[in-house]
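Commentary on secondary and tertiary structure
Each chain is listed here by its residues.
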Amino acid sequence: VAETPNRKRVLLKVSGEALMGDGAFGVEQKTVERIAKDVAEVVRSGTEVCLVVGGGNIFRGVAAAAKGMDRAQGDYAGMLATVINALLLQNALERELITTRVMSAIHMSSVAEPYIRRRAVRHMEKGRVVIFAAGTGNPFFTTDTAAALRAAEMECDILLKGTQVDGVYSADPKQDPSATRYDELTYMTVLSNQLSVMDAAAISLARENRLPIIVFNIGEEGSFGRVMRGEGAFTRII
Ligand code: UDP
């Protein structure tokens, strides 16, 4: 892809759970392939895309700490889980003939490049999809915060959070059928009403950097492309 000024640059956060598909744990290959296809479609439309991938489908530090594990140690294990997911996504994207680079916040030079901001920007300018692995590299953070951080560093136009529901609801739509979806919310509403979209650190970072967040259902085939065209259901946080 040629370098074009004013091309849109977006960061897509893919949660670990999104990779489970119908499974209860780990990775469902066909789901990873389908998400890669959706990302490839958006890349081919001329958008610069980078990804932050979670690890909750494999390991979560908080959950391990609740069972007695040292929190920081558990968090490091969680960050390594995101590297596994990143490698799987990279493979699926390359099968779609998309050029990718995995950049890890934890040095792992045999499998991924170290995260260097200026180098990541350069990759993106060349049309490569950069997959940011290992979160922020610090325990006590989440990959949602890593997504807001990297999106700010890459000067992205939008941060998209792919979840299992098509936006932010007034209540859990799976439990409460009267729950309604918000089309638009402010960062402050999300923070003060403690709406469970992203953790407060991520929302605050996005707010400080005037980074719009779009929450959508990544479980639906082609949804990433639709949201990029302004179609389909989603919630915008501005
Ligand atoms: N994690 C961390 N620091 C970070 C990002 C992630 O310690 O900057 C750890 C944390 O233990 C977390 C796990 O990695 O539970 C997996 O990430 P996350 O829960 O954010 O993944 P997701 O919910 O998106 O699947």
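Refer to the structure above for everything that follows.
Residues numbered from 1 in each chain as written. Predicted model: local features only at pLDDT ≥ 70, side-chain atom pairs only at ≥ 80, totals over all residues. Heavy atoms only, no water.

A short note on the packing of aromatic side chains
All told, the structure shown has two aromatic pairs when counted by the stated rule. For the ring pair Tyr115 and Phe132, a centre distance of 5.6 Å and an interplane angle of 80° mean the geometry is edge-to-face. Of this pair, Tyr115 sits in the loop between β4 (113-114) and α4 (117-125) while Phe132 sits in strand β5 (residues 129-133); the two residues are 17 residues apart in sequence, bridging distant segments of the chain. Residue Tyr115 is classed as buried on the basis of its relative accessible area of 17%. (Phe/Tyr/Trp six-rings, centres within 6.5 Å; stacked < 30°, edge-to-face > 60°. Helix = DSSP H or I, 4+ residues; strand = E, 2+ residues; numbered from the N terminus. Buried < 20%, exposed > 50% of the residue type's maximum accessible area, 1.4 Å probe, protein only.)

A word on the site of the ligand
Near the ligand, the surroundings consist of 20 residues, among which Gly56, Asp75, Thr136, Asn138 and Thr143 are the closest. For the ligand, an oxygen atom lies 2.7 Å from a polar atom in the side chain of Arg60. If the ligand stood free it would expose 520 Å²; the protein chains cover 94% of that surface. Per-element accounting of the shell around the ligand gives the leading share, three residues, to helix α3 (residues 71-95). For the shell around the ligand, the class distribution of residues is four nonpolar, twelve polar and four charged. (Near = heavy atom within 4 Å. Polar contact = N/O pair within 3.5 Å; in protein donor to acceptor, adjacent residues only side chain to side chain. Areas by Shrake-Rupley, 256 points an atom, 1.4 Å probe, with all protein chains shown as cover. Nonpolar A, V, L, I, M, F, W, Y, C, P; charged D, E, K, R; others polar.)

Things to note about the environment of Val215
Note on placement: Val215 falls in strand β10 (residues 213-217). In this view, Val215 contacts Lys161, Thr163, Asp166, Gly167, Val168, Val197, Phe234, Thr235 and Ile237; residues no more than four positions away in its chain are not counted. (Contact = heavy atoms within 4.5 Å.)

Here we look at the sheet that holds strand β1 (residues 9-14)
The strand order across the open sheet formed by nine strands is β4-β3-β5-β2-β1-β6-β10-β11-β9, and the pairing between neighbours is mixed. Strands at the two margins of the open sheet, each flanked by one partner only, are β4 and β9 (184-185). Examined bridge by bridge, β1 and strand β6 (residues 158-163) share five bridges and lie parallel to one another. Bridged to Lys13 within β6 is Lys161. (Pairing = 2+ DSSP bridges.)

Focus on the layout of surface pockets
Its boundaries defined by the atoms lining it, the largest pocket holds a volume of some 1100 Å³. Considering the residues around the largest pocket, the lining is formed by 44 residues, among which Lys13, Arg60, Asp144, Lys161 and Val197 are closest to the centre. The greatest single-element share of the lining of the largest pocket, amounting to five residues, is contributed by α3. Of the residues belonging to the lining of the largest pocket, the class tally is 15 nonpolar, 19 polar and ten charged. In this model, the second largest pocket occupies a volume close to 220 Å³. (1 Å grid on protein atoms, 1.4 Å probe; cavity = no way out; pocket = protein on both sides within 12 Å on 5 of 7 lines; lining within 4 Å. Points joined across faces, edges and corners; volume = space filled by probe spheres on them.)

Topic: empty space enclosed by the protein
In this approach, a probe sized like a water molecule rolls over the atoms, and the result shows the empty space that is left. This model, assessed by the stated rule, comprises one cavity of 30 Å³ or more. By volume, the largest cavity is sized at about 30 Å³. Every residue along the wall of the largest cavity is listed here: Leu12, Arg34, Ile35, Asp38, Val39, Ile218 and Phe224. At four residues, the largest contribution of residues to the lining of the largest cavity is made by helix α1 (residues 29-44).

Details of unusual backbone geometry
Of note, the phi angle at Phe140 is positive, near 70°, even though the residue is not glycine. Following the sequence through the fold, Phe140 ends up in the loop between β5 and α5 (143-153). According to the relative accessible area criterion, Phe140 is exposed, its value standing at 53%. Of note, the phi angle at Glu155 is positive, near 55°, even though the residue is not glycine. In this structure, Glu155 sits in the loop between α5 and β6.

Geometric values such as these leave the question of function open.
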